[in-house]
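Listed below, chain by chain, are the residues.
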Amino acid sequence: MLEIEAVHAGYGALPVLEAIGFHVEEDEVVGLVGPNGAGKTTLVRALAGLLRPSAGAIRFAGHDVTAEPGHRRAGEGMAFVLDNRALFSELTVRQNLALAERMGRRSGRLKCFSDDAELFDLLPVVRERIDTPVQLLSGGQQQMVAIARALLLRPRLLVMDEPSAGLAPLIVKHILELLHRLKGRGIGILVVEQNVRLIAEVADRGYVMSLGRLVHEVPRGAWRSLLEDERLVHAYLGG
Ligand SMILES: Nc1ncnc2c1ncn2[C@@H]1O[C@H](COP(=O)(O)OP(=O)(O)OP(=O)(O)O)[C@@H](O)[C@H]1O
Ligand SMILES: [Mg+2]
């Protein structure tokens, strides 16, 4: 569904990503872990069309989107929870979600949840602060709104940059629950996380990134052995 081939990208003269290649298929959760500054957010920005790769290709659903602007990718079913959340800050939670709901409906794709209440039960702030302008919410509350918005877009591929950042442990549990419930609904999910123990609970397989390269692949079902590999954890994950 998503194929990245030999992608290089950076900021001006600063190269960050070097020859990144991996794939995400529908109905799987892929984890991407790595230390601060590894290039995880840079990769997410390249996938979202916010940063143009200097070389390589990004293919989604069989066609090359490398040169496509971000909004076209969104229209085709790529949804992102970015580290800066990128919500409309002057609009209320309800208004932000209504825009996403409308785009999702127009796409003609299936809903992620047959009943939106299932989604809102897991992200309580959405109900509690529904008429609050987003700029008056805390970072963690905005994160919950960003997750709800991404799901209302009815994505085929969901990419999340550190969804647990700034959230209370109970809400982090809810997010894991959401990801578990999304399995088997035809959606491909890429989750970027610092917290490898968290990702190990939900991802089917994954990759370790360091200094702009993918340095290790975690095969299906092998998160436990990654966590037990002291050399790897010490070298790349700071644990
Ligand atoms: N806007 C920018 N301009 C210039 N350099 C940047 C910019 N954003 C990131 N970088 C550099 O790119 C490298 C990778 O940063 P990136 O934000 O992708 O890392 P990350 O893996 O997401 O880290 P973190 O875990 O802290 O979020 C770092 O060396 C960083 O200094
Ligand atoms: Mg980051």
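As a reminder, the structure under discussion sits directly above these lines.
Model, not experiment: these values are computed from the prediction.

1. A word on the sheet that holds strand β4 (residues 55–60)
Then step 1. Pairing is antiparallel in the open sheet, where four strands are placed in the order β2-β1-β4-β5. Bordering the open sheet on either side are β2 (14–24) and β5 (63–64), each of which pairs with just one other strand.
Then step 2. One ladder, built from seven bridges, connects strand β1 (residues 2–11) with β2; its direction is antiparallel. Across the sheet, the residue bridging to Tyr 11 is Leu 14, located in β2.
Then step 3. In this fold helix α1 (residues 40–48) packs onto β1, β2 and β4, with an angle of close to 65 degrees to the strand it touches most, β2.

2. What about the nonpolar core?
Then step 1. Ranked by internal contacts, the top residues of the largest apolar core, which has 54 residues, are Leu 151, Leu 158 and Leu 182.
Then step 2. For this core, the element with the most residues is helix α6 (residues 139–152), which contributes eight residues.
Then step 3. When neighbours within four sequence positions are excluded, Leu 158 is seen to be in contact with Ala 79, Ala 150, Leu 151, Leu 182, Ile 187, Gly 188, Ile 189 and Leu 190.
Then step 4. Judged by nonpolar contacts, the second largest core, of 30 residues, contains Met 1, Val 24, Val 44 and Val 192.

3. Structural notes on the site of ligand 1
Then step 1. Lining the immediate environment of ligand 1, one finds 13 residues, of which Asn 36, Lys 40, Thr 41, Thr 42 and Gln 194 sit closest.
Then step 2. Within the side chain of Asn 36, an N or O atom sits 2.8 Å from an oxygen atom of ligand 1.
Then step 3. Between an oxygen atom of ligand 1 and a side-chain N or O atom of Thr 42, the distance comes to 2.5 Å.
Then step 4. Within the residue set of the shell around ligand 1, elements represented by two or more residues are β2 and α1.
Then step 5. The residue makeup of the shell around ligand 1, split by class, is five nonpolar, six polar and two charged.

4. Looking at the environment of Ile 147
Then step 1. Its place among the elements puts Ile 147 in helix α6.
Then step 2. Judged by relative accessible area, which is 1%, Ile 147 ranks as buried.
Then step 3. Beyond its immediate chain neighbours, meaning those up to four positions away, Ile 147 contacts Val 81, Leu 123, Met 160, Pro 163, Ile 175 and Leu 178.

5. As for the pattern of salt bridges
A side chain of one charge can pair with a side chain of the opposite charge when the charged atoms of the two come close.
Then step 1. Applying the stated criterion across every chain, the model contains 14 salt bridges.
Then step 2. Here Arg 220 ties to Glu 28 by a salt bridge, and the two come within 2.9 Å at their closest N and O atoms. Of this pair, Arg 220 sits in the loop between β10 (213–218) and α9 (223–228) while Glu 28 sits in the loop between β2 and β3 (29–33), and the two are 192 residues apart along the sequence.
Then step 3. Judged by relative accessible area, Arg 220 falls into the exposed class, the value being 54%.
Then step 4. By relative accessible area, Glu 28 is classed as buried at 4%.

What counts and how
- Residues numbered from 1 in each chain as written.
- Chains lettered and ligands numbered in written order.
- Predicted model: local features only at pLDDT ≥ 70, side-chain atom pairs only at ≥ 80, totals over all residues.
- Heavy atoms only, no water.
- Pairing = 2+ DSSP bridges.
- Helix = DSSP H or I, 4+ residues; strand = E, 2+ residues; numbered from the N terminus.
- Contact = heavy atoms within 4.5 Å.
- Axes fitted to C-alpha atoms, helices over the stretch in contact; angles between N-to-C directions.
- Core = buried A, V, L, I, M, F, W, Y, C linked by side-chain atoms within 4.5 Å.
- Buried < 20%, exposed > 50% of the residue type's maximum accessible area, 1.4 Å probe, protein only.
- Near = heavy atom within 4 Å.
- Polar contact = N/O pair within 3.5 Å; in protein donor to acceptor, adjacent residues only side chain to side chain.
- Nonpolar A, V, L, I, M, F, W, Y, C, P; charged D, E, K, R; others polar.
- Salt bridge = Lys/Arg side-chain N within 4 Å of Asp/Glu carboxyl O.

The analysis is restricted to geometry; functional conclusions fall outside its scope.
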